[in-house]
Amino acid sequence: MDAWIWGAVVLAIVLVIAGGIAWWLARGCVLTKVGATGAIVGGVVSLIALVVLLDPNAGLSAAAIITVGSGAWLLGWALAGGIRGQRMLRAEERAAADATAVAASASVVRGHAHSH
């Protein structure tokens, strides 16, 4: 039983670290920060469940549910943040391409106006 408890402790700590890394990599993305916050809180709550609950089986069950739920929370919000970031990047690229095309066509129009 001790190996199971130590395994749960390690997984909870890994979840807290993963949340911290996601927070650090978020670079202002609110969606990813929400996921990171949930992972950190879930990891800490999982550790508390392992320590506070008197029955080791109940502690392991609670820790497993909380850890899996927090990991899924982090994954979902991080994916949403990544998808949003990709969409924003594509929109910026399109806007830059459109601005370049407008500038090029404006210079062509000016060039024809000066030749007459």
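I will try to describe carefully the structure that is included in this document. (Residues numbered from 1 in each chain as written. Predicted model: local features only at pLDDT ≥ 70, side-chain atom pairs only at ≥ 80, totals over all residues. Heavy atoms only, no water.)

### Some points on the overall build of the protein chain
So, point 1. Secondary structure summary: the protein chain contains three helices and zero strands in total.
So, point 2. Counting over 116 residues, the protein chain shows a buried share of 22%.
So, point 3. In the protein chain, the proportion of contacts linking residues at least 24 apart, taken out of those at least 6 apart, comes to 68%. (Helix = DSSP H or I, 4+ residues; strand = E, 2+ residues; numbered from the N terminus. Buried < 20%, exposed > 50% of the residue type's maximum accessible area, 1.4 Å probe, protein only. Contact = heavy atoms within 4.5 Å.)

### A look at helix H1 (residues 2–25)
So, point 1. Over its 24 residues, H1 runs 34 Å from end to end, which matches the ideal 34 Å to within 8%, given 1.5 Å per residue.
So, point 2. Every buried residue of H1 is listed here: Ala 8, Val 9, Ala 12, Leu 15, Gly 19 and Ala 22.
So, point 3. Among the residues trailing H1, Arg 27 stands out with phi positive, at a value near 50°. (Expected span 1.5 Å × (residues − 1).)

### Notes on helix H2 (residues 30–52)
Within an α-helix, residues lying three or four positions from one another point in the same direction, as the helix has 3.6 residues per turn.
So, point 1. The terminal C-alpha atoms of H2 lie 32 Å apart, and with 23 residues this matches the ideal 33 Å at 1.5 Å per residue to within 8%.
So, point 2. Every buried residue belonging to H2 is among Thr 32, Gly 35, Ala 36, Gly 38, Ala 39, Gly 42, Gly 43, Ser 46, Ala 49 and Leu 50, and all of these are buried.

### As for unusual backbone geometry
So, point 1. The phi dihedral of Arg 27 falls on the positive side, at around 50°, and the residue is not glycine.
So, point 2. Checked against the element boundaries, Arg 27 lands in the loop between H1 and H2.

### Comments concerning the layout of surface pockets
Over the atoms, a rolled probe matching the size of one water molecule traces out where space is still vacant.
So, point 1. If you add up the space inside the largest pocket, you get close to 160 Å³.
So, point 2. Every residue along the wall of the largest pocket is listed here: Trp 4, Gly 7, Ala 8, Leu 11, Ala 12, Leu 60, Ala 63, Ala 64, Thr 67 and Val 68.
So, point 3. Elements with a contribution of two residues or more to the lining of the largest pocket: H1 and helix H3 (56–115). (1 Å grid on protein atoms, 1.4 Å probe; cavity = no way out; pocket = protein on both sides within 12 Å on 5 of 7 lines; lining within 4 Å. Points joined across faces, edges and corners; volume = space filled by probe spheres on them.)

### A few points about the environment of Gly 19
So, point 1. Mapping Gly 19 onto the fold places it in helix H1.
So, point 2. Considered as a pair, Gly 19 and Val 34 are 15 residues apart in the sequence and their alpha carbons are 9.7 Å apart.
So, point 3. Look past the residues within four positions of Gly 19 in its chain and what remains in contact with it is Ala 36, Ala 39, Ile 40 and Leu 74.

### Concerning the packing of aromatic side chains
So, point 1. Here the structure, examined in full by the defined rule, presents one aromatic pair.
So, point 2. Ring plane angle 50° and centroid distance 5.5 Å describe the contact between Trp 73 and Trp 77, whose orientation is recorded as tilted. Residue Trp 73 and its partner Trp 77 are both found in helix H3; the two are separated by four residues, about one turn of the helix.
So, point 3. With a relative accessible area of 38%, Trp 73 lands in the partly exposed category.
So, point 4. Over the aromatic face of Trp 23 sits the side chain of Lys 33, whose NZ or CZ is 4.8 Å from the ring centroid. (Phe/Tyr/Trp six-rings, centres within 6.5 Å; stacked < 30°, edge-to-face > 60°. Lys NZ or Arg CZ within 6 Å of the ring centre and 35° of its normal.)

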